[in-house]
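Descriptive structure summary
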Amino acid sequence: MSFTSLKKMAATSIISCNCYSSLAASKGTNPRIPTKGSSFLRTQRSSSWWNRQFFSKCSSQKHVHCQLKNGQVGRSFSLKECAISIILAAGLITEMPSLDWSPNAYAATPALPDLSVLISGPPIKDPGALLRYALPINNKAIREVQKPLEDISESLKIAGLKALDSVERNVRQASRSLKQGKTLIISGLAEGKKDHGVELLHKLEVGMEELQQIVEDRNRDAVAPKQKELLQYVGDVEEDMVDGFPYEVPEEYQSMPLLKGRAAVDMKVKVKDNPNLEECVFHIVLDGYNAPVTAGNFVDLVQRRFYEGMEIQRADGFVVQTGDPEGPAEGFIDPSTEKPRTVPLEIMVDGEKAPVYGATLEELGLYKAQTKLPFNAFGTMAMAREEFENNSASSQVFWLLKESELTPSNANILDGRYAVFGYVTENEDFLADLKVGDVIESIQVVSGLDNLVNPSYKIAG
């Protein structure tokens, strides 16, 4: 399976520390990702550069389900090498040639959004924050609690105990917003989830008081774990605001496995030939609110144990990829039809009530549209497909490895062209340690299976 190359990327200047390709899936001579055979990826930098930048990421602050050898813990790397991007951006926009995705399409369209999009501000790259903002809710009061709690991460970038002064301002702002907006927050809870939501709000209030005490005690190390706990409460409250599934899936896809809500899976990978890492469990949240067909297809395949025992088939510093079964088939063959099961390209545009199907945003002329699930986080999960067949995705999936400071939301060549349906939310940094040949020992749904409708795995028995 293979990501076909992008042609003549002028991004060599502003994004000389980045890597581009068209993301596709196939075997043999088709222009797709190389699970078997030669690579079709064309990078702007050597693979050794990517290995230096992304190898051996590890965070001791996560729930570490990754077993390291000799008790070693790696250090998370942060790219800071593109300070000249502002200077080069103008040349990128005015001089970039066409990407030539198709002889019949995009001929007169810009390859990237304009400069105002490129430098409009730092993108959100935390997977938890992306998932919270992707929920189909409109409650300003809870967002005003969420934002200052998320800003604590920026405050903690300040050296030493000075960071706590900024953290204290964040906590006070969040506490004030919760107190002032509590009535509006409660009114936004779905009727059947109101009691649970109110209970969570109480835990949130208590937790913020505890965080305030942590700050007053000048215990910097305790801030981040408590922040994570509080943001989990906030996210759960926001999910309690969603009342049912918010739209109808198009009729032609209604009989397919659909994830009407969210689910989470744990994927355990056995790591070979790595002196520092033996195995790792990746926690992945799948978003059926914004990609019900895509996420439903994946959950159904997980329940069929399709991925268990499968190897990692691509790991080059740009993506980690798997899902290409043995034999001539390029995806999942449905036993009931003995034909490949494919899913349509599915993209939720920010501000819309339902996804668009079967067309890229560029094909629709939505060049500046923002996607609800952008390729912003390290460990963004999406479907691979044939480059010129929008509805050809089946079972091959990939996780993107990159630093989003280099390519902000919707300022890269992936948003709106490939279907994102989830994010790795725990141990995502360890994705950079995976190599071709590492084995998925197990993958199981740990929550949200009741949101899957039309599961074909039950019919298959």
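Each remark here, short or long, concerns the structure printed above.
We now turn to the structure provided with this report. (Residues numbered from 1 in each chain as written. Predicted model: local features only at pLDDT ≥ 70, side-chain atom pairs only at ≥ 80, totals over all residues. Heavy atoms only, no water.)

1. Some remarks on the overall build of the chain
Spelled out, the test is: A run of H or I in DSSP counts as a helix once it spans at least four residues, and a run of E counts as a strand once it spans at least two, with each numbered from the N terminus. Only protein chains enter the accessibility calculation, which uses a 1.4 Å probe; a residue is then buried when its area is under 20% of its type maximum, exposed when over 50%, and partly exposed in between. The contact criterion used is simple: two residues touch if any of their non-hydrogen atoms lie within 4.5 Å. Accessible areas in this description were obtained via Shrake-Rupley with a 1.4 Å probe; residue shielding takes into account the shown protein chains only.
A tally of helices and strands in the chain yields ten helices and 15 strands. Looking at the 461 residues of the chain, the share that counts as buried comes to 55%. Across the chain, every contact between residues at least 6 apart in sequence was considered, and the portion connecting residues at least 24 apart equals 76%. Carbon and sulfur atoms provide 49% of the accessible area of the chain, an area that totals close to 20,400 Å².

2. Description of helix H5 (residues 140-155)
Counted only if it meets this: A helix is expected to reach a length of 1.5 Å times the quantity of its residues less one.
Its 16 residues place the ends of H5 23 Å apart at the C-alpha level, agreeing with the 22 Å of an ideal helix rising 1.5 Å per residue. If you check which residues of H5 are buried, you get Ala-141, Ile-142, Arg-143, Val-145, Gln-146, Pro-148, Leu-149, Glu-150, Ile-152 and Ser-155. Check the buried side of H5 and you find it contacts helix H4 (127-133), helix H6 (163-187), helix H7 (194-216) and helix H8 (223-239).

3. Comments concerning the packing of aromatic side chains
Quick reminder of the rule: Paired rings are identified among Phe, Tyr and Trp, the last through its six-membered ring, by centres lying within 6.5 Å, and are further divided according to the angle between planes into stacked (under 30 degrees), edge-to-face (over 60) and tilted (the rest).
Within the structure shown, the criterion is met by nine aromatic pairs. Taking 5.1 Å as the distance between ring centres and 35° as the angle between the ring planes, the aromatic pair formed by Tyr-253 and Tyr-357 counts as tilted. Of the two residues, Tyr-253 sits in the loop between H8 and strand S2 (258-259) while Tyr-357 sits in strand S10 (residues 356-357), which places them 104 residues apart along the sequence. Using a relative accessible area of 14% as the deciding quantity, one classes Tyr-253 as buried. On the basis of an interplanar angle of 5° and a centroid distance of 6.0 Å, the ring pair of Phe-375 and Phe-398 is categorised as stacked. Of this pair, Phe-375 sits in the loop between S10 and strand S11 (380-383) while Phe-398 sits in strand S12 (residues 397-400); the two residues are 23 residues apart in sequence, bridging distant segments of the chain. We classify Phe-375 as buried; its relative accessible area is 0%. By way of ring pairs, the aromatic residues Phe-298, Phe-306, Tyr-307, Phe-332 and Phe-421 are connected into one cluster.

4. Brief notes about H6
Between its first and last C-alpha atoms H6 spans 35 Å; for 25 residues at 1.5 Å apiece the expected length is 36 Å, and the two agree. Buried within H6 are the following residues: Ala-163, Leu-164, Ser-166, Val-167, Asn-170, Val-171, Ala-174, Ser-177, Leu-178, Gly-181 and Ile-185. The inward-facing, buried residues of H6 abut H5, H7 and H8.

5. Topic: the pattern of salt bridges
We count it as follows: In the sections that follow, a salt bridge refers to a side-chain nitrogen of Lys or Arg positioned within 4 Å of a carboxyl oxygen of Asp or Glu.
Scanning the model with the defined rule gives 21 salt bridges in all. For the salt bridge of Asp-151 with Lys-147, the shortest nitrogen-to-oxygen distance reads 2.8 Å. Pair noted here: Asp-151 and Lys-147 are both in helix H5, with a separation of four residues, about one helical turn. Classification of Asp-151 by relative accessible area gives partly exposed; the value is 24%.

6. Describing the packing of H5 against H7
For the record, the criterion: In this analysis an axis means a line fitted to C-alpha atoms, helices contributing only their contacting stretch, and an angle means the value between N-to-C directions, from 0 to 180 degrees. Crossings are assigned a handedness: left-handed for a near helix turned anticlockwise from the far helix by less than a right angle, right-handed for a clockwise turn. For this scheme, ten residues count as nonpolar: Ala, Val, Leu, Ile, Met, Phe, Trp, Tyr, Cys and Pro. Four count as charged, namely Asp, Glu, Lys and Arg, and the remainder, Gly too, count as polar.
Axis separation between H5 and H7 bottoms out at 14 Å; the angle between their running directions is 35°. Judged by the sense of rotation from one axis to the other, the crossing of H5 with H7 is left-handed. Between H5, through Val-145, Leu-149 and Ile-152, and H7, the contact on the second element is made entirely by Leu-204, Met-208 and Leu-211. Split by residue class, the contact of H5 with H7 holds six nonpolar, no polar and no charged.

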